[in-house]
Amino acid sequence: MLISPRQEQPMRVIHFEIHAADVERAVEFYREVFGWQFEDWSGFAGMPYYGATTGEEGAPGIDGAIMQRQGPDPEVGGAVAGGVFTIGVEDYDSMAETIERAGGTVALPKYALPGMAWQGYFHDTANNVFGIHQPDPNAA
């Protein structure tokens, strides 16, 4: 296992940021699709910046924010302009429908991780790529 030379344990991701040219539209997308809660932290950041709570206190996962992109949203089909996060879901097909109803589009269709899960990728309304992952030991 690789670890930082300054620490004995690996460092854990503790926060994410999603960049969007239209922050309020992105906030509404993630609220509608995944039920995330948001708090306006723009006064602290000096730009549109909404803190995101993605689950219950003590549940696995991390929280983050949606912030003002410093330029236009990327084009669909272009290179990924940042990290890609994946969200665990209980029902892939139902979530895919919810994403598309909210204005998201398919980036990479559903595929099996044999014996593990169903995985696929979408564009949000700012053309950021994100994944959804449904555990399923029968995926083939």
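Look up: the structure comes first, before these words.
In this text, all values refer to a predicted model and were calculated from it rather than measured experimentally.

A. View of the nonpolar core. Residues Tyr 30, Phe 34, Trp 36, Ile 66, Ile 99, Phe 130 and Ile 132 are the most contacted members of the largest nonpolar core, which totals 28 residues. Sorting the residues of this core by element identifies β1 (15-20), α1 (23-34), β3 (49-53), α3 (92-101), β7 (117-123) and β8 (129-135) as the ones contributing at least two each. With seven residues, α1 is the single largest residue contributor to this core. If we skip the residues at most four places from it in the chain, Ile 66 touches Ile 18, Ala 20, Val 23, Ala 26, Val 27, Tyr 30, Phe 38, Pro 48, Tyr 49 and Tyr 50.

B. Representation of the packing of α1 against α3 in the model. Viewed as axis vectors pointing N to C, α1 and α3 meet at an angle of 150°, and their least axial separation amounts to 9 Å. When the axis of α1 is compared with that of α3, the two are roughly antiparallel. Here α1 runs over α3; the crossing is right-handed. Along its contact with α1, which presents Phe 29, Glu 32, Val 33 and Phe 34, the element α3 presents Met 95, Thr 98 and Ile 99. Residue composition of the contact of α1 with α3, grouped by class: five nonpolar, one polar and one charged.

C. Fine view of the environment of Asp 93. Relative to the assigned elements, Asp 93 resides in helix α3. Note: C-alpha distance between Asp 93 and Gln 134 (41 residues apart in sequence) is 9.3 Å.

D. Fine view of the pattern of salt bridges. Following the criterion strictly, the structure yields four salt bridges and no others. With a closest N to O distance of 2.8 Å, Arg 69 and Asp 73 form a salt bridge. Its relative accessible area of 11% is what places Arg 69 among the buried residues. A salt bridge links Lys 110 to Asp 93; its shortest N-O distance comes to 3.0 Å. You can see Lys 110 sitting in strand β6 (residues 105-113) and its partner Asp 93 sitting in helix α3, a full 17 residues away along the chain. Note on Lys 110: relative accessible area 34%, which makes it partly exposed. The class of Asp 93 is partly exposed, set by a relative accessible area of 42%.

E. Here's a closer look at α1. Look at α1: 16 Å from first C-alpha to last across twelve residues, which is about the 16 Å you get at 1.5 Å a residue. Just downstream of α1 lies Gly 35, where phi reads positive at about 75°.

F. Looking closely at unusual backbone geometry. For Asn 127, which is not glycine, the phi dihedral falls at a positive 65°. You can see Asn 127 is positioned in the loop between β7 and β8. According to the relative accessible area criterion, Asn 127 is partly exposed, its value standing at 25%.

G. The packing of aromatic side chains, seen in detail. Scanning the entire structure with this criterion turns up 16 aromatic pairs. On the numbers, 5.0 Å between centres and 15° between planes, the contact of Tyr 30 with Trp 36 is stacked. Look at Trp 41 and Tyr 49: their rings are 6.3 Å apart centre to centre, the planes differ by 20°, and that puts the pair in the stacked class. For Trp 41, a relative accessible area of 29% translates into the label partly exposed. You can call Tyr 49 buried: its relative accessible area is 11%. Among the aromatic residues, those joined into a cluster by ring pairs are Phe 16, Phe 29, Tyr 30, Phe 34, Trp 36, Phe 38, Phe 85, Tyr 92, Phe 122 and Phe 130. The residue whose ring lies beneath Lys 110 is Trp 118, and the NZ or CZ to ring-centre distance is 4.7 Å.

About the cut-offs
Residues numbered from 1 in each chain as written. Predicted model: local features only at pLDDT ≥ 70, side-chain atom pairs only at ≥ 80, totals over all residues. Heavy atoms only, no water. Core = buried A, V, L, I, M, F, W, Y, C linked by side-chain atoms within 4.5 Å. Buried < 20%, exposed > 50% of the residue type's maximum accessible area, 1.4 Å probe, protein only. Helix = DSSP H or I, 4+ residues; strand = E, 2+ residues; numbered from the N terminus. Contact = heavy atoms within 4.5 Å. Axes fitted to C-alpha atoms, helices over the stretch in contact; angles between N-to-C directions. Parallel < 35°, antiparallel > 145°, perpendicular 65-115°, else oblique. Left-handed = near helix turned anticlockwise from the far one by under 90°. Nonpolar A, V, L, I, M, F, W, Y, C, P; charged D, E, K, R; others polar. Salt bridge = Lys/Arg side-chain N within 4 Å of Asp/Glu carboxyl O. Expected span 1.5 Å × (residues − 1). Phe/Tyr/Trp six-rings, centres within 6.5 Å; stacked < 30°, edge-to-face > 60°. Lys NZ or Arg CZ within 6 Å of the ring centre and 35° of its normal.

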